[in-house]
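Letter by letter, the chains look like this.
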Amino acid sequence: MAQNVKTEKSMEKIVSLCKRKGFIFQAGELYGGLNGCWDYGPLGAELKRNLKDYWWRKTVQERDDVLGMDGAILTMKQVLKSSGHLDGFSDPMCDCLLSKARLRADQIPPQNGTAVWYSGASHGASDWSTDKVFAVLVPPGKDVESARKTARQFYGQFLPDKRISPKELELAGEKSEEMTGTTRFNPENGSLLTEPREFNLMFQTRVGASADENDPNAIAFLRPETAQSIFVQYKNVLDSSRVKLPFGIAQIGKSFRNEINPRNFTFRSREFEQMEIEYFCRPEDGLRLTDEWLEARLRFYEEIGIPRTKLHILDVPDGERAFYSRKTYDIEYEFPFGVQELEGVAYRTDYDLGVHQKGAGKSLEYFDEETKEKLLPHVVEPSAGCDRTVLALICEAYDEEVVKDEKGKEEVRTVLRFHPRMAPVKCGIFPLLKNKPELVAKAREVQKLLQPFMTVFYDETAAIGRRYRRQDEIGTPFGVTIDFDTIGENGPEGRDTVTLRDRDTMEQQRIKIEDLLHFLLERIH
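Residues numbered from 1 in each chain as written. Predicted model: local features only at pLDDT ≥ 70, side-chain atom pairs only at ≥ 80, totals over all residues. Heavy atoms only, no water.

## Notes on the confidence of the model for the chain
Rules: Scored from 0 to 100, pLDDT records how confident the predictor is in each individual residue. Note on definitions: a residue-residue contact is assigned when non-hydrogen atoms from the two residues lie within 4.5 Å.
Summing up the model confidence of the chain, the mean pLDDT is 92 and the portion of residues at 70 or higher is 97%. Counting interchain partners and residues more than four positions distant, the pLDDT-below-50 stretch residues 1-6 has 13 contacts.

## Regarding the packing of helix α6 (residues 227-241) against helix α8 (residues 351-360)
What counts here: Between the N-to-C directions of two axes lies an angle of 0 to 180 degrees, each axis being a line fitted to C-alpha atoms and, for a helix, fitted only over the stretch in contact. In DSSP terms, a helix is any run of H or I states spanning at least four residues, a strand is any run of E spanning at least two, and both are numbered starting from the N terminus. Under this scheme an angle from 65 to 115 degrees is roughly perpendicular, one under 35 degrees roughly parallel, and one over 145 degrees roughly antiparallel; angles in between are oblique. Whether a crossing is left-handed or right-handed is set by the direction in which the near helix is turned from the far one by less than a right angle, anticlockwise for left-handed and clockwise for right-handed.
For the pair α6 and α8, interaxial distance at closest approach is 10 Å and the crossing angle is 65 degrees. Between α6 and α8, the crossing angle belongs to the class labelled roughly perpendicular. The way α6 lies across α8 gives a crossing that is right-handed. Between α6 and α8, the contacting residues are Q228, F231, V232 and Y234 on the first element and D352, L353 and H356 on the second.

## Looking at the side chain of H356
This is how it is decided: Within 3.5 Å is the distance limit for a polar contact, defined as a pair of N or O atoms, with the added protein rule that one can donate a hydrogen and the other accept it, and that residues adjacent in sequence qualify only through two side-chain atoms.
Within the secondary structure layout, H356 lies in helix α8. Engagement of the side chain of H356 in a polar contact is seen with the side chain of Q228, the distance being 2.7 Å. Non-local contacts of H356, meaning those with residues more than four positions away in its chain, are made with V79, S82, S83, Q228, F231, V232, G361 and L364.

## With respect to the nonpolar core
To be explicit about the condition: What we call a nonpolar core is a set of buried Ala, Val, Leu, Ile, Met, Phe, Trp, Tyr and Cys residues that are connected through their side-chain atoms within 4.5 Å. Relative accessible area decides the class of each residue, using a 1.4 Å probe on protein chains only: under 20% of the type maximum gives buried, over 50% gives exposed, and in between gives partly exposed.
Core analysis: the largest hydrophobic core is formed by 55 residues, its most contacted members being F23, Y301, I304, I394 and F418. The element contributing the most residues to this core is helix α9 (residues 386-397), with eight residues. Counting 29 residues, the second-largest nonpolar core is a separate cluster that includes I108, L137, I164 and L193.

## Brief notes about the layout of surface pockets
Quick note on the threshold: The way it works is a 1 Å grid over only the protein atoms, where trapped points that fit a 1.4 Å probe form a cavity and open points with protein on both sides within 12 Å along at least five of seven lines form a pocket, and then any residue with an atom within 4 Å of a point lines it. Grid points are joined across faces, edges and corners, and a volume is the space filled by probe spheres set on the points. In this classification, the charged set is Asp, Glu, Lys and Arg, the nonpolar set is Ala, Val, Leu, Ile, Met, Phe, Trp, Tyr, Cys and Pro, and all remaining amino acids, among them Gly, are polar.
Of the voids in this model, the largest pocket is the one considered here, and its volume is about 1700 Å³. Looking at the largest pocket, it is lined by 50 residues, and the ones nearest its centre are F89, E225, R257, D330 and E341. Put simply, the parts of the chain that give the lining of the largest pocket at least two residues each are α4 (85-88), β6 (90-95), β18 (271-281), β20 (327-335), β21 (338-349), α8, β24 (378-385) and α9. Its boundaries defined by the atoms lining it, the second largest pocket holds a volume of some 620 Å³. Those elements giving two or more residues to the lining of the second largest pocket turn out to be β5 (74-76), α3 (77-83), α6 and α8. It is α6 that contributes the most residues to the lining of the second largest pocket, seven residues altogether. Each residue belonging to the lining of the second largest pocket can be placed in one class, and the counts come to 10 nonpolar, 12 polar and four charged.

## Some details on the pairing of strand β11 (residues 134-138)
Operational definition: Criterion used throughout: strands pair if DSSP finds at least two bridges between them.
In terms of burial, β11 is largely enclosed, as five of its five residues are buried. Of the two faces of β11, the one carrying F134, V136 and V138 and the one carrying A135 and L137 are both buried. Inspection of the sheet shows strand β8 (residues 111-118) paired to β11 by five bridges, in the antiparallel sense. Considered in β11, the bridge of V116 is made with V136.

## Here's the deal with the environment of G68
If you trace the backbone, G68 turns up in strand β4 (residues 66-68). Classification of G68 by relative accessible area gives partly exposed; the value is 39%. If we ignore the near neighbours within four places in the chain, the residues touching G68 are W56, V60 and A250.

## Considerations on the sheet that holds β20
With mixed pairing, seven strands are arranged side by side in an open sheet as β4-β17-β18-β24-β21-β20-β19. With one partner strand each, in any of the chains shown, β4 and β19 (311-315) form the two edges of the open sheet. When the angles between neighbouring strand axes are averaged without regard to direction, this sheet yields 25 degrees. With nine bridges connecting them, β20 and β21 associate as antiparallel partners. Residue pairing in the sheet places Y329 in a bridge with V345 of β21.

## As for the packing of helix α2 (residues 42-61) against helix α7 (residues 286-303)
Between α2 and α7, the least distance of the axes is 12 Å, while the angle of their chain directions is 140 degrees. The orientation of α2 relative to α7 falls into the category oblique. In this structure, α2 crosses over α7, and the sense of that crossing is right-handed. For the pair α2 and α7, contact is made by L51, Y54, W55, K58 and T59 and by R297, F300 and E303, respectively. Across the contact of α2 with α7, the residue classes break down as four nonpolar, one polar and three charged.

## Some points on the pattern of salt bridges
To be explicit about the condition: The rule for a salt bridge is simple: a side-chain nitrogen of Lys or Arg has to be within 4 Å of a carboxyl oxygen of Asp or Glu.
All told, the structure shown has 53 salt bridges when counted by the stated rule. Between R20 and E473 there is a salt bridge; the shortest N-O distance is 2.5 Å. In this pair, R20 sits in helix α1 (residues 11-20) while E473 sits in helix α11 (residues 464-474), placing the two residues 453 residues apart along the sequence. Assessed through its relative accessible area of 15%, E473 is described here as buried. Its salt-bridge partner being E303, residue K58 comes within 3.9 Å of it at the nearest N-O pair.

Here is the structure:
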């Protein structure tokens, strides 16, 4: 009998499992890794595909009022000029004067302590000196001598003779100042930071092999969000599909942001995938539809295995919303590293179509055939992070429990409790013995039966208990064992039946092979 181990989920264990089992790898790891970029391995690719397929099914396939599109990643400069990204899509950035690390100014935690300031440093023997101003924040209870050590490390960077030890430097103009709630210092080392400056987050490139470096028309960008291609193609979709308000356009695709400080594994990355809907409506329906979409999105997360008890709804207050938004909800999840946003549901009014109508000089108005009026539709936008949701699925599924092995010895079972419809592998198939040709042949028959309808994994190596554990660790919800009953060696009543094991309860039942496919399809769809 299993019992839960009362331990907190740690990101270290989750990240380790993701690499060990082939869910997620650091991009370019062979060459040291590309910060903020990730590659999905075999299991991660299956998990992500299951998520995207189910999102598309619930958002587009099962609705009459939402259409799909797939926009280009390269985006014209004019599009991003109209949308405001060219001039305003930036984060405030600071540099650490000591380590040169770059930090987002709006994410530096307020700190208390003693700021020790220096007006410069010198080295008498070599007649070297500098009048650069520097400061170190000393936390409460820590000796001021630590500030002097840090300051010498800073000034030592400017020594022309690298054979001189920073310990030999004389510090000038030391003075202290008590500070409360300051964000001017690096929390990692206490070093003074530069003044915040705006850093545009978009990746810029040039289009065309013969593009002149000074030709502004050759400039293009990797899109910072999928939304803009929907707005730019809204009129084409409207005219070609003969839809009526309200209707939506959905898209899944890659976006790119040159994040100052990527962090928390795949949560904040420089290359990421979005699942977005732009839902066009009449102005009077915007607020109501925003609430309806919020509820629809909450149901979606429950259906993929993220319980509503782990989700937080933040009704973003007036001063914190985008200036064009009349209502924004953030759907947040309890990650091991804190409560963070999974999806935003925003009522964007007519801002987007309005700026593109003005920028392009072409009408994007909707003509209502019944009322004979023209209007610029308003937009409700449910925008989800695909990579963030994959990470939430893994974090939610990760579990450890104590079980007894075949010999009665206790061991820790690591299991990913994915909802069956999200699990990368749906069913493990195991012949009881690999040296029994009849068992292997029957197991291969079962594999061929299921494989056209779901991802399965055939495994004939190691003891059956060990094979179960391997599948538990990657989240496979069902295991099918082909044993001696299956081939009729223990009597005709068991012939063509298999043992079906449930991952979560570890309970087993006999089921006919002819009933197996229907049983599994009912539970994985």
